[in-house]
Amino acid sequence: MNILVLCTGNSARSILLESILTHRSDGRITAWSAGFRPAGKVHPQSIALLRANGFPTNGLSSQSWDDYAKDDAPVMDAVITVCGSAATEECPYWPGAPLRAHWGVEDPAAAKPDDQPAAFAEAYRLLDARAQQLLALPFETMSQDDLQSALNRIGT
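Residues numbered from 1 in each chain as written. Predicted model: local features only at pLDDT ≥ 70, side-chain atom pairs only at ≥ 80, totals over all residues. Heavy atoms only, no water.

Looking now at the pairing of strand β3 (residues 78-81). Every second residue of β3 is oriented toward a common face, with Ala78 and Ile80 on one face and Val79 and Thr81 on the other, all of them buried. The sheet contact formed by strand β1 (residues 2-7) and β3 spans four bridges and is parallel. Among the inter-strand pairings, Val5 is bridged to a residue of β3, identified as Ile80. Here β3 runs beside strand β4 (residues 99-102); their pairing, made up of four bridges, is parallel. Pairing of Ile80 across the sheet is with Ala101, part of β4. (Buried < 20%, exposed > 50% of the residue type's maximum accessible area, 1.4 Å probe, protein only. Helix = DSSP H or I, 4+ residues; strand = E, 2+ residues; numbered from the N terminus. Pairing = 2+ DSSP bridges.)

Structure follows, in structure tokens:
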């Protein structure tokens, strides 16, 4: 399953979930991430947290969701937003009419610098728990309606 994770700046939450989904899924999911106002770089706390949890960080980048709306972009099965503002923004069209879900998490990059390690740890904990719920499902054999319901339920 191909999943695009969207957020505002694509430097923290979306990067974390992209990594978690891709690397914990044993090849069942390939995830990408993007932002509607990309920061242009991955937040250093994201990199540090992913490394501390054993995830590779090479190749991670902050990019625009426009990159995934192009004709030559991978076809997405699902688009998951992870921040409140992205959930209400107008999303571009993706070929194949992917499922859409919102798994909102507070922006750890918005925390005061001294509070960021704890804020990033909490965002990681929440996103990892949601990813684990998805990975526990037999999503390859689920109907679109059942998978949409599951994605929505996971985000609540």
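What follows deals with the environment of Leu50. Residue placement: Leu50 occurs in helix α2 (residues 44-52). Its relative accessible area of 0% is what places Leu50 among the buried residues.

Let's shift gears to α2. Regarding α2, the residues found buried are Ser46, Ile47, Leu49 and Leu50. The inward-facing, buried residues of α2 abut α1 (13-24) and α4 (116-135). Once α2 finishes, Gly54 follows within two positions and takes phi at roughly 85°, a positive value. (Contact = heavy atoms within 4.5 Å.)

With that settled, the discussion passes to the pairing of strand β2 (residues 30-35). Of the pairings in the sheet, the one linking β1 to β2 comprises six bridges and is parallel in character. Bridge pairing in β2 links Leu4 to Trp32.

Glancing now at the pattern of salt bridges. For side chains of opposite charge, pairing can occur when their charged atoms come near one another. Applying the stated rule across the entire model yields five salt bridges. A salt bridge links Asp67 to Lys70; the shortest N-O distance between them is 3.8 Å. A relative accessible area of 44% places Lys70 in the partly exposed class. (Salt bridge = Lys/Arg side-chain N within 4 Å of Asp/Glu carboxyl O.)

Moving on, we get to the environment of Leu21. Along the chain, Leu21 falls in helix α1. Taking C-alpha positions, Leu21 is 9.8 Å from Val5, a pair spaced 16 residues apart along the chain. Apart from the residues within four sequence positions on either side, Leu21 is in contact with Ile3, Val5, Ile29, Ala31, Ala131 and Leu134.

Our next topic: the nonpolar core. Soluble globular proteins tend to bury their nonpolar side chains together. Of all hydrophobic cores here, the largest spans 36 residues; its most connected members are Leu17, Leu21, Trp103, Leu134 and Leu151. Among the elements of the structure, β1, α1, α2, β3, β4, α4 and α5 (144-154) are those that each provide at least two residues to this core. No other element matches the seven residues that α4 contributes to this core. The contact partners of Leu151, leaving out residues within four places of it in the chain, are Ala78, Ile80, Leu99, Ala101, Trp103 and Leu134. Leu4, Ala34, Phe36 and Val79 belong to the second-largest nonpolar core, a separate cluster that totals eight residues. (Core = buried A, V, L, I, M, F, W, Y, C linked by side-chain atoms within 4.5 Å.)

By the element assignment, Ser19 lies in helix α1. What Ser19 contacts, discounting residues up to four positions off in sequence, is Arg24, Leu50, Phe55 and Leu60.

Relative to the assigned elements, His43 resides in the loop between β2 and α2. Ignoring any residue separated from it by four or fewer positions in sequence, one finds His43 in contact with Ser11, Ala109, Gln116 and Phe120.

Contact geometry of α4 with α5 gives a least axis separation of 10 Å together with a crossing angle of 160°. With respect to their mutual orientation, α4 and α5 come out roughly antiparallel. When the axes of α4 and α5 are compared, the crossing they make is right-handed. In contact with Arg130, Gln133 and Leu134 of α4, α5 contributes Leu147, Leu151 and Ile154. (Axes fitted to C-alpha atoms, helices over the stretch in contact; angles between N-to-C directions. Parallel < 35°, antiparallel > 145°, perpendicular 65-115°, else oblique. Left-handed = near helix turned anticlockwise from the far one by under 90°.)

Function-wise, these values are silent; they only describe arrangement.
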